[in-house]
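Coordinate analysis (summary)
One-letter residues, chain by chain:
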Protein chains: 4
Amino acid sequence: MDLSLSPKLLELQEKTRSFIKDQITPFENDPRQSEHGPSDELRKELIELARKAGLLTPHASVEMGGLGLSHIEKAIVFEESGYSSLGPIAMNIHAPDEGNIHLLEEIATPEQKERWLRPLVAGKARSCFAMTEPSPGAGSDPSMLSTTATKDGDDYIINGTKWFITGADGADFVIIMARLDDGSATMFLSDMNAPGIELLRNMDALDSCFTGGHGVLQFTNLRIPGNQILGELGKGFKNAQVRLAPARLTHCMRWLGQARRAQDIAIAYAKRRQAFGKTLGEHEGVGFMIADNNMDLHTSRLHIWDTALLLDRGERGNFESSRAKVICSEAEWRVVDRCVQILGGQGVTGETQLMKIFKDMRGFRIYDGPSEVHRWSMARKLIGNK
Amino acid sequence: MDLSLSPKLLELQEKTRSFIKDQITPFENDPRQSEHGPSDELRKELIELARKAGLLTPHASVEMGGLGLSHIEKAIVFEESGYSSLGPIAMNIHAPDEGNIHLLEEIATPEQKERWLRPLVAGKARSCFAMTEPSPGAGSDPSMLSTTATKDGDDYIINGTKWFITGADGADFVIIMARLDDGSATMFLSDMNAPGIELLRNMDALDSCFTGGHGVLQFTNLRIPGNQILGELGKGFKNAQVRLAPARLTHCMRWLGQARRAQDIAIAYAKRRQAFGKTLGEHEGVGFMIADNNMDLHTSRLHIWDTALLLDRGERGNFESSRAKVICSEAEWRVVDRCVQILGGQGVTGETQLMKIFKDMRGFRIYDGPSEVHRWSMARKLIGNK
Amino acid sequence: MDLSLSPKLLELQEKTRSFIKDQITPFENDPRQSEHGPSDELRKELIELARKAGLLTPHASVEMGGLGLSHIEKAIVFEESGYSSLGPIAMNIHAPDEGNIHLLEEIATPEQKERWLRPLVAGKARSCFAMTEPSPGAGSDPSMLSTTATKDGDDYIINGTKWFITGADGADFVIIMARLDDGSATMFLSDMNAPGIELLRNMDALDSCFTGGHGVLQFTNLRIPGNQILGELGKGFKNAQVRLAPARLTHCMRWLGQARRAQDIAIAYAKRRQAFGKTLGEHEGVGFMIADNNMDLHTSRLHIWDTALLLDRGERGNFESSRAKVICSEAEWRVVDRCVQILGGQGVTGETQLMKIFKDMRGFRIYDGPSEVHRWSMARKLIGNK
Amino acid sequence: MDLSLSPKLLELQEKTRSFIKDQITPFENDPRQSEHGPSDELRKELIELARKAGLLTPHASVEMGGLGLSHIEKAIVFEESGYSSLGPIAMNIHAPDEGNIHLLEEIATPEQKERWLRPLVAGKARSCFAMTEPSPGAGSDPSMLSTTATKDGDDYIINGTKWFITGADGADFVIIMARLDDGSATMFLSDMNAPGIELLRNMDALDSCFTGGHGVLQFTNLRIPGNQILGELGKGFKNAQVRLAPARLTHCMRWLGQARRAQDIAIAYAKRRQAFGKTLGEHEGVGFMIADNNMDLHTSRLHIWDTALLLDRGERGNFESSRAKVICSEAEWRVVDRCVQILGGQGVTGETQLMKIFKDMRGFRIYDGPSEVHRWSMARKLIGNK
């Protein structure tokens, strides 16, 4: 048993840390960002920086052009990348592309990989994952899936509405989860400019860290050839599991970086700001919050590492990634909320990156399964209800 | 002892509730709102509605044109008004005007009242209160006040910078707290268009519910005649106490209305949305959150009422209003946070009013004294340190 | 609306406070107490003190020998009485006698009152209430009642086992909830020395504040004449409702007194004990805990008062007393837990009354309905599930 | 990086688990236990069982008769041992002997080891550590040490009072921290039957899991030869640091075992007990508590492992062991408190081991430094105050 980083990993950690600090954080106030995330122009500029630094798409296989990182190596690198909200975009490890890359590596056909995965890994294309639907469709409960796929010759005709589709605006292709006539679910790949796909609107969201924001997509008689089925027909949910645990975990990693950033902002402020005859940091009330932050940050890190090591040993880790997701999303949020409190008025204005982190992070307790769904799933396994 | 509402108060409660629901909530998506709050045009339109309904500036004295509400009557009426973020603006009981009206009623001279208070009560003017300063000036610790007032004949020359000045943009006049040469503090009244006052910028804030947003003001050799001193010379902090406890409490009241609104949105959603074979509301996990919300809402209400009744008995209520402020700002926030969680993805997008409430309310745990300052102030009194 | 105490009530409050402090607290280390509560000898000695002070059984009707206190008057007096764990025993307002007195006043026949209520009010008899059963019988879910009552001529034959029967050991009579053949529930009165009642054992409990502890009772062919039915046949649950809300609330009141005692012990210690160059109370970390305690104490008090005033207006208050019970049992517990932490090693040893309060109070979050059952009951009403 | 157990460690884990379950838990209701812990007779009987099983004093060096476990190996074995409150006593790894063995291995002279350490490792002797003093002496703040050691020839004369001395009653020897004339602190070894040592009383404590309970010791002109100085003269605090981090951590390990036991009791109950038409475990409210318990247990485990691995790498780990101590003592306590709630009435009576665990564990948030002292110590390091 060992939790010390190898020299190689320490070097990669340090390299990423410097890259983010020196080359990426200066862009954080770049005006080419809107409430729907950084512009494509800015994104491409950042991608080039990561490419030059040798840090682009590090989780992809070497064959596809990445660094072939293991889960535990991702844990180290993604945390560093997440220190800036622009880091994951620069390094091409943001959601949903990061998870889609993983998914395509695992289950796409060689032809599909050449067509969709390779440009994605190269940072030349963007993708989205169309799963969530408006009521009464699939939300926390995927079994309520209502978008339909009807066979027509060798093709499938897709109809339905999806929302909260992160990155939809500007994406080059989409992975669609739809229900066949027999009730089973299947994933389909489609270019976004195919006839029958319409971006109805971008949603007005609390976060602004995802390129392309969150869109509402309408599929109207979208025709998809049979060779664009992703994975096996009728095994959509099962195949998507491949994406599930790792995608949960990489969210935990990136947000850990953001939470650590918040803590650094708060500590710097607490050292500097005076009140009632001493610095804020010399007040126990503030000091306790900073200690609690450290505990929450390291607890998050340990659960990430523990689960990543388990995935690296070849286990599915569904229980453990559920647990890590609940713990990280709640602990990292507490950190950010405490930091806002320490900064006082400056915490709720754009004087630092903190307000943006606060707005960006709240959704993490909800997407990829809200805490309540994960708790219940854990409970059933622990008690053996099912 | 009695906590039942008199028929007269029940009627006023019902009247306000209907007014807000029928006449004000329809404006909530009115485009004349920006990140710095509703436009002045929208504000005036709403004010006219309240005037017609007989609900304008109800806390002002009858003499000045209000309804002369007691503190406990305000507790009932302001909670109802706060049910919509636009309610307090329509009824002219928003911060900081509401507290400034109270302050001017208590300590302004008759001439000052005619000049500044009367148009304020009539909803024709807006005001701001310039206290908070950038580091190393006055923040949570008012004794660090650094804006100076230097006597020059019968006038005073004001120099300094203030920030987080709510409503500064568009305000007609300002109350300025400044330090005399002898170290004592004094409040001054000034028209905002006086030479020497400059609005440097509006701050980029998390909230957008205050007309005029939060500004940064620069005073450069601002000349103020001696008859524009508000209250007594050198008694600025003591005089401002008049504003303190009531202003804290009216924040609690208005935000209680917003938190109740959040709960109503969440309950409606929990009744409607299905997941895992039943409505959300039939899941214990969601039900417990709704029960906890009810507890937090009523706890807030009881502390507001308790403190209001105490102020109505003529007590200063500094301890009790500190306590109510901590309890309400934290309990009402928990309510809103839980509601976001119940709504899931819709909680972090603009599909309902909830996201706006979430963004608007976070600052309440900070302004008018962050929880930590109030806790420490309470502790010292309880332990008798000082 | 008014929350100030009348001069009469202030006088009663002060009188009770002095009585507890001067006459009762000196008995707290009296050796005539075991893990199953104070001995009957000690109890009688204390009862005599309350009788002389005019404070015995103050909630009973004047007709029966009490002071005929309203619910809000009880709120004031019971909190004071609870300041000492022996106070409620001295004043004959401890559980379960206090609730049984209330129940008998409301629904007993005149003959039943003379036989059982009068000596109970006089402090000459003790009673118990036999409801809870071992699994699979009635616990949190009363519908699982399994003790049977079979009609035999004019009599009823009772068979079953009850546990957690507070005060059973030494009680003079018992109120038994049993199920008729038709499934309905009925309450029966019986002397404890009737043939067919056996006290199997006293349970080893965390608390030691209830006279007689908590017993396990076996009913074997216990014969009860028809005139010992309490309330209406088949209306046992409905009739017991009379006891429900007030009994919950008086628990809240008495434990509020104990929690206030804990806070006083902690403040005294924080003023005195030095660490790291100042008193404990001068450390913000400790000060914040004491401020939080004050908030929790007053929140409890306000919910008690609010619900008591509602009961005094003739409402049933089931929702409100559930809410008050959850809030008080959790808030008062937090107070005691924080006080233990403040006292450090002395908090977990018998150097002060605090450790006893800690042990005695934990059960309050469980009996009279655990928090979870009340939360769910509240949720259903709020959401309108049922 | 790797968190999987080696086959050797898995075997030791399984062996310990079986030993505790099969041979030790049957003694849990053995009557030879009082409020001051198991009797010496029972202790010796258990020690023999561990000796036969090859599990006695496993953390001692092989040279001294132990298994020479590393810190991470201890983490695995001690958690298993702690599953029963009698496990650590049987295996001779209970406090304070476990820490004293570690301390003596590190800093005692060869002669001291033969005289005091060898019989301690063999389970033939018991020891205590006399540090804490009544006010105004050393409590959370060790600098307030007031017991004096005055040089007299080659000897030292000790005077002072110590309390909360775990295991004092029945101990064979004591390690005493005392202050020299120059203000520096030194540790001394003394047989407990030396003239001048008096056990004034055993304290009435909430816990009953430590052999010998917690005593008050009086030193009156206790004469100690110079060769009984433990470590260096005047370096008492520095030398005691050796004991500090590991002793904190082994508490975390043992209590993790107890908390896991509580969870197992709660799960078994939740599977069995019916309420409102289903098992308790099928209620989300209960399920969420069980999921939270699992999170708290594994969080504790990960912090223990992380810190143990760090100590095994030769680092001092003061910060990390402070952090682990706060996290474990609070998380493990939450587990036990939730389990009590799940069991309802049975949680607050001696029907299961749970009530004992509840009483035994509360002190862990206090001893070895209360959470508040550790939080402040962490804060200073994080902020760099000092």
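Residues numbered from 1 in each chain as written. Chains lettered and ligands numbered in written order. Predicted model: local features only at pLDDT ≥ 70, side-chain atom pairs only at ≥ 80, totals over all residues.

- Labelled according to an unreviewed UniProt entry, chain A appears under the name Acyl-CoA dehydrogenase, originating from Polynucleobacter sphagniphilus.
- UniProt annotates chain A under Cofactor (unreviewed entry) with the comment "FAD".
- The UniProt entry for chain A carries the following comment under Subunit (unreviewed entry): "Homodimer." (UniProt positions renumbered as here; feature names shortened; annotations may be inferred.)

**Some points on the overall build of chain A**
- Along chain A, the regular secondary structure elements total 11 helices and 12 strands.
- Its C-alpha atoms give chain A a radius of gyration of 21 Å, near enough to 21 Å, the size a compact globule of 386 residues would have.
- Across its three principal directions, the C-alpha atoms of chain A cover 80 × 50 × 40 Å.
- Burial status across chain A gives 59% buried among its 386 residues. (Helix = DSSP H or I, 4+ residues; strand = E, 2+ residues; numbered from the N terminus. Rg over C-alpha atoms; globule rule 2.2 N^0.38 Å. Buried ≥ 20, exposed ≤ 12 C-beta atoms within 10 Å, placed from the backbone.)

**Quick word on the relation of the copies chain A and chain B**
- For the match of chain A to chain B, the screw axis carries a shift of 0.0 Å, the RMSD comes to 0.0 Å, and the turn is 180°. In the structure described here, the two chain copies are related by an operation that fits a two-fold rotation axis. If distances are taken from each C-alpha of chain A to the rotation axis, the shortest is found for K359(A), at 4.1 Å.
- Of all interface residues in chain A, 100% are interface residues in chain B too; the two copies therefore contact each other through one and the same surface. (Least-squares fit on C-alpha atoms with pLDDT ≥ 70 in both. Contact = placed C-beta atoms within 7 Å.)

**Some words on the relation of the copies chain C and chain B**
- Here chain C sits on chain B after a turn of 180° about the axis and a move of 0.0 Å along it, with an RMSD of 0.0 Å.
- A share of 100% of interface residues in chain C that are also interface residues in chain B marks the association as one of identical surfaces.

**Observations concerning the interface of chain C and chain B**
- Taken together, the 36 residues of chain C in the interface contact 37 residues of chain B.
- Where the side of chain C that touches chain B is concerned, the elements lending two or more residues are α7 (236-272), α8 (284-312), α9 (318-343) and α11 (371-383) of chain C.
- If you tally residues by element for the side of chain C that touches chain B, the top one is α8(C), at 14 residues.
- Here the side of chain C that touches chain B is built from residues that sort into 20 nonpolar, eight polar and eight charged. (Nonpolar A, V, L, I, M, F, W, Y, C, P; charged D, E, K, R; others polar.)

**Some points on the UniProt feature "domain: Acyl-CoA oxidase/dehydrogenase middle" (unreviewed entry) in chain A**
- The positions that UniProt labels "domain: Acyl-CoA oxidase/dehydrogenase middle" (unreviewed entry) are, in the present scheme, residues 128-205 of chain A.
- The straight-line gap between the two end C-alpha atoms of residues 128-205 of chain A is 17 Å; of that span, 0% is helix and 51% is strand.

**Points about the packing of helix α8 (residues 284-312) of chain A against α8(C)**
- Relative to each other, α8(A) and α8(C) sit at 95°, their axes nearing to 8 Å. Considered as vectors, α8(A) and α8(C) are oriented roughly perpendicular to each other. On the side of α8(A), the interface is formed by E284(A), G285(A) and F288(A), while α8(C) contributes E284(C), G285(C) and F288(C).
- Broken down by class, the residue content of the contact of α8(A) with α8(C) amounts to two nonpolar, two polar and two charged. (Axes fitted to C-alpha atoms, helices over the stretch in contact; angles between N-to-C directions. Parallel < 35°, antiparallel > 145°, perpendicular 65-115°, else oblique.)

**Re the UniProt feature "domain: Acyl-CoA dehydrogenase/oxidase C-terminal" (unreviewed entry) in chain A**
- The UniProt feature table records "domain: Acyl-CoA dehydrogenase/oxidase C-terminal" (unreviewed entry) at residues 234-382 of chain A.
- What you have in residues 234-382 of chain A is 75% helix and 3% strand, and the ends, taken at the C-alpha atoms, are 30 Å apart.

**A word on the domain arrangement of chain A**
All names here are of chain A.
- When the domains of chain A are assigned, the result is domain 1 (7-94), domain 2 (127-234) and domain 3 (237-383).
- The gap between the C-alpha centroids of domain 2 and domain 3 is 30 Å.
- Domain 2 puts 11 residues into the contact, and the matching count from domain 3 is 10 residues.
- Across the side of domain 2 that touches domain 3, the residue classes tally to six nonpolar, three polar and two charged. (Domains from an automatic or database assignment.)

**Comments concerning helix α5 (residues 97-107) of chain B**
- Every buried residue of α5(B) is listed here: D97(B), E98(B), G99(B), N100(B), I101(B), L103(B) and L104(B).
- Tucked into the core, α5(B) has its buried residues touching α6 (110-121), β3 (127-130), β6 (173-179) and α7 (236-272) of chain B.

**Re the nonpolar core**
- Membership of the largest hydrophobic core comes to 473 residues, with the highest contact counts inside it found for F188(A), F188(B), F188(C) and F188(D).
- Looking at this core element by element, the count peaks at 16 residues for α7(C).
- In this view, F188(B) contacts A149(B), Y156(B), I158(B), I176(B), A178(B), I224(B), Q228(B), I229(B) and L230(B); residues no more than four positions away in its chain are not counted. (Core = buried A, V, L, I, M, F, W, Y, C linked by C-beta atoms within 7 Å.)

**Description of the interface of chain A and chain B**
- Taken residue by residue, the interface counts 35 residues in chain A and 36 residues in chain B.
- Going through the elements one at a time, β11 (274-275), α9 (318-343) and α11 (371-383) of chain A are the ones with two or more residues in the side of chain A that touches chain B.

**Let's talk about the pairing of strand β5 (residues 155-166) of chain B**
Residues and elements named next belong to chain B.
- Note that strand β4 (residues 148-152) and β5 share five bridges and pair antiparallel. Looking at β5, one finds that K151 is bridged to Y156.
- As defined by bridge partners, β5 adjoins strand β9 (residues 214-225) across nine bridges and the pair is classed as antiparallel. From the neighbouring strand, T166 faces β9, where its bridge partner is H214. (Pairing = 2+ DSSP bridges.)

**Comments concerning the packing of helix α9 (residues 318-343) of chain D against helix α11 (residues 371-383) of chain D**
Residues and elements named next belong to chain D.
- Relative orientation of the contacting elements α9 and α11 amounts to 140°, with a least axis distance of 9 Å. Viewed along their axes, α9 and α11 form a crossing whose handedness is left-handed. Where α9 approaches α11, its residues F319, S322, R323, K325, V326, S329 and E330 are matched on the opposing element by S371, H374, R375, S377, M378 and K381.
- Split by residue class, the contact of α9 with α11 holds three nonpolar, five polar and five charged. (Left-handed = near helix turned anticlockwise from the far one by under 90°.)

**So, α11(A)**
- Between its first and last C-alpha atoms α11(A) spans 18 Å; for 13 residues at 1.5 Å apiece the expected length is 18 Å, and the two agree.
- Inspection of α11(A) places S371(A), E372(A), V373(A), H374(A), R375(A), W376(A), M378(A), A379(A) and I383(A) among the buried residues, and these make up the whole buried set.
- If you follow the buried residues of α11(A), they end up packed against α9 of chain A, α8 (284-312) of chain B together with α7 (236-272) and α8 (284-312) of chain D. (Expected span 1.5 Å × (residues − 1).)

**What to know about the environment of R273(D)**
- Here R273(D) lies in the loop between α7 and β11 (274-275).
- For R273(D), the residues in contact, after removing those within four places along its chain, are S135(C), T279(D) and L280(D).

**Some words on the confidence of the model for chain A**
- Confidence in the prediction for chain A averages 96 pLDDT; 99% of positions are at 70 or higher.
- The ipTM, which scores confidence in the relative placement of chains, is 0.96 for this predicted complex, and the corresponding pTM is 0.97. (pLDDT = per-residue confidence, 0-100.)

**A look at the environment of N227(C)**
All names here are of chain C.
- Relative to the elements of secondary structure, N227 occurs in the loop between β9 (214-225) and β10 (229-230).
- Look at N227 and you get exposed, because 12 C-beta atoms sit within 10 Å.
- Through-space distance from the C-alpha of N227 to that of F188 is 9.0 Å; in sequence the pair is 39 residues apart.

**Looking at unusual backbone geometry**
- In this structure, the amide linkage connecting A95(A) to the following residue, P96(A), adopts the cis form with an omega of 0°.
- As for its position among the elements, P96(A) is in the loop between α4 (87-90) and α5 (97-107).
- Here the amide bond leading from S135(C) into P136(C) is cis, since omega sits at 10°, within 30 degrees of zero.
- In this structure, P136(C) sits in the loop between β3 (127-130) and β4 (148-152).
- Positioned with a positive phi, T57(B) is a non-glycine residue whose angle comes to about 45°.
- Take T57(B): it is sitting in the loop between α2 (40-53) and α3 (71-81).
- When the 24 C-beta atoms within 10 Å are taken as the criterion, T57(B) is described as buried.

**Observations regarding the environment of E35(B)**
- Of note, E35(B) is situated in the loop between β1 (33-34) and β2 (37-38).
- For E35(B), a count of 12 C-beta atoms within 10 Å puts it in the exposed group.

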